[in-house]
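# Report on the structure
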Amino acid sequence: MVWLFHAGKPQVHAAYAGAWHIEGVADSAVFLLLLAATAVTALAAHRYLAVQRERDKTRLITDALGSRGAGGLADVHILDEAAPTAFCVPGSRGRDRIVVSRGTVDLLTEEQLAAAVAHERGHLRLAHHRMILAAEVVTAAVGWSGALRGYARQVQRLAEMAADDHAAAQHGSRTVASALLEMCTVAPSPGSSAALALSGPDPAERIRRLLAARPEPRRRLLPVLIACATVAVLALPAAMVLAPAFAVADTAHCGEHCPR
């Protein structure tokens with residue numbers, strides 16, 4: 001801070017000085033913060049490795065038993081399986097997979113199948129697996145206390161709705177709703193951070209939402225206001241920490257007239 005604000009070292013020390021009990025509380029708070037950060041980091045690493053193992057296993061099965069589609073499904077792996085299923089396996093470029101079964105191809109119309117694939121492409125494009133994984137870590141870290149116990153499920157639910165909207169923008173909300181209805185009637189399956197399925201959480205709510213959707217003009221002001229509010233909230237703690245240093249800025253050479 002002496003270098004950054006061109007402030008006198010005695011003035012910086014005086015601005016941030018406190019009694020011994022204040023220093024003890026601060027040291028204890030920092031220790032607890034580091035302890036909590038270490039625990040959350042270990043939990044996140046454990047969950048990440050478990051999810052990666054599950055994805056690798058699913059990817060191996062898909063590559064061994066599936067074949068690439070043709071035409072508009074060139075990036076889709078088709079499993080020779082009668083049970084309808086559609087999901088994506090997130091990964092780095094070249095390692096992600098969009099998977100549908102032969103039963104899904106037979107069950108859905110061409111437009112419904114394209115909407116189902118667009119839904120999975122939306123998951124990959126918007127990186128929903130990262131959001132869901134982070135939410136699962138947060139829930140595992142603090143869910144035992146009752147706080148944020150349903151956070152991970154709500155993030156999964158919102159991720160499915162976002163993917164529905166991505167597909168609806170290309171194929172229409174009613175087409176996506178009909179594909180979802182066909183799939184969840186035959187083979188419902190929950191979504192997770194390892195593989196995100198079309199028939200994920202709360203399909204009935206998602207279908208009602210899609211059928212009730214009405215095209216609305218895009219509101220550009222609201223996202224800007226939300227972004228500004230977010231930046232302000234995130235900047236507030238840093239501003240509070242740096243406020244004393246701002247008060248003694250440019251006091252490096254002021255001598256006896258420096259404020260204390």
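Parameters and conventions
- Residues numbered from 1 in each chain as written.
- Predicted model: local features only at pLDDT ≥ 70, side-chain atom pairs only at ≥ 80, totals over all residues.
- Heavy atoms only, no water.
- Patch = residues over 30% accessible without salt bridge, like charges linked within 9 Å, V, L, I, M, F, W, Y side chains within 5 Å.
- Areas by Shrake-Rupley, 256 points an atom, 1.4 Å probe, with all protein chains shown as cover.
- Salt bridge = Lys/Arg side-chain N within 4 Å of Asp/Glu carboxyl O.
- Helix = DSSP H or I, 4+ residues; strand = E, 2+ residues; numbered from the N terminus.
- Buried < 20%, exposed > 50% of the residue type's maximum accessible area, 1.4 Å probe, protein only.
- Pairing = 2+ DSSP bridges.
- Expected span 1.5 Å × (residues − 1).
- Contact = heavy atoms within 4.5 Å.
- Axes fitted to C-alpha atoms, helices over the stretch in contact; angles between N-to-C directions.
- Parallel < 35°, antiparallel > 145°, perpendicular 65-115°, else oblique.
- Left-handed = near helix turned anticlockwise from the far one by under 90°.
- Core = buried A, V, L, I, M, F, W, Y, C linked by side-chain atoms within 4.5 Å.

The grouping of Val-138, Val-142, Leu-148 and Tyr-151 at the surface amounts to a nonpolar patch, some 300 Å² of accessible area in total. Considering the arrangement of structural elements, one finds Val-138 in helix H6 (residues 128–142).

Moving on: the pairing of strand E4 (residues 97–101). In terms of burial, E4 is largely enclosed, as 5 of its 5 residues are buried. Here E4 shows a buried face lined by Arg-97, Val-99 and Ser-101 and a second buried face lined by Ile-98 and Val-100. Across 4 bridges, strand E2 (residues 76–79) lies against E4 in parallel orientation. Within E4, the position partnered with Ile-78 by the bridge is Val-100. As defined by bridge partners, strand E3 (residues 86–89) adjoins E4 across 4 bridges and the pair is classed as antiparallel. Along E4, the bridge assignment pairs Ala-86 with Val-100.

Attention now moves to helix H7 (residues 151–171). Because the α-helix completes a turn every 3.6 residues, residues three or four places apart line up on one side. With 21 residues, H7 ought to run about 30 Å at 1.5 Å a step, and its terminal C-alpha atoms sit 30 Å apart, in line with that. Within H7, the full set of buried residues consists of Ala-152, Val-155, Gln-156, Arg-157, Ala-159, Glu-160, Met-161, Ala-163, Asp-164, His-166, Ala-167 and Ala-168. The elements touched by buried residues of H7 are helix H5 (110–125), H6, helix H8 (173–186), strand E5 (196–197) and helix H9 (203–211). Positive phi shows up at Gly-172, right after H7, with a value of about 90°.

Here we take up the packing of H8 against H9. The description of two packed helices rests on the angle between their axes and on the distance between the axes. At their nearest, the axes of H8 and H9 sit 8 Å apart, and the two run at 160° to each other. Overall, the two elements H8 and H9 adopt an arrangement that is roughly antiparallel. Classified by chirality, the crossing of H9 by H8 is left-handed. Along its contact with H8, which presents Ser-173, Arg-174, Val-176, Ala-177, Leu-180, Leu-181 and Cys-184, the element H9 presents Pro-203, Arg-206, Ile-207, Leu-210 and Leu-211.

Right, let's get into the nonpolar core. In this structure, Val-76, Ile-98, Val-100, Leu-108, Val-117, Val-176 and Leu-198 are the most contacted members of the largest nonpolar core, which totals 31 residues. Going through the elements one at a time, E2, E3, E4, H5, H6, H7, H8 and H9 are the ones with two or more residues in this core. Leu-108 has contacts with Leu-113, Ala-116, Ala-179, Glu-182 and Met-183, leaving out every residue within four places of it along the chain.

All right, on to the pattern of salt bridges then. Within this structure, the stated rule accounts for 11 salt bridges. The salt bridge partner of Asp-202 is Arg-157, with a shortest N-O separation of 4.0 Å. Pair noted here: Asp-202 is in the loop between E5 and H9 and Arg-157 is in helix H7, with a separation of 45 residues, a long-range link. By relative accessible area, Arg-157 is classed as buried at 19%. With a closest N to O distance of 2.8 Å, Asp-164 and Arg-206 form a salt bridge. Here Arg-206 lies in helix H9 and Asp-164 lies in helix H7, a separation of 42 residues in the sequence. No difference in accessibility class separates Asp-164 from Arg-206, as the two residues are buried. A single salt-bridge network, built from bridges that share partners, covers Arg-153, Arg-157, Asp-202 and Glu-205.

The strand order across the open sheet built from 5 strands is E1-E2-E4-E3-E5, with neighbouring strands paired in mixed fashion. Two strands bound the open sheet, and with one partner strand each, they are strand E1 (66–68) and E5.

Next up on the list: the pairing of E3. Residues Ala-86 and Cys-88 of E3 are buried on one face, and the alternating residues Phe-87 and Val-89, pointing to the opposite face, are buried as well. When E3 meets E5, the two strands line up antiparallel, connected through 2 bridges. For Cys-88, the partnering residue across the bridge sits in E5 and is Leu-196.

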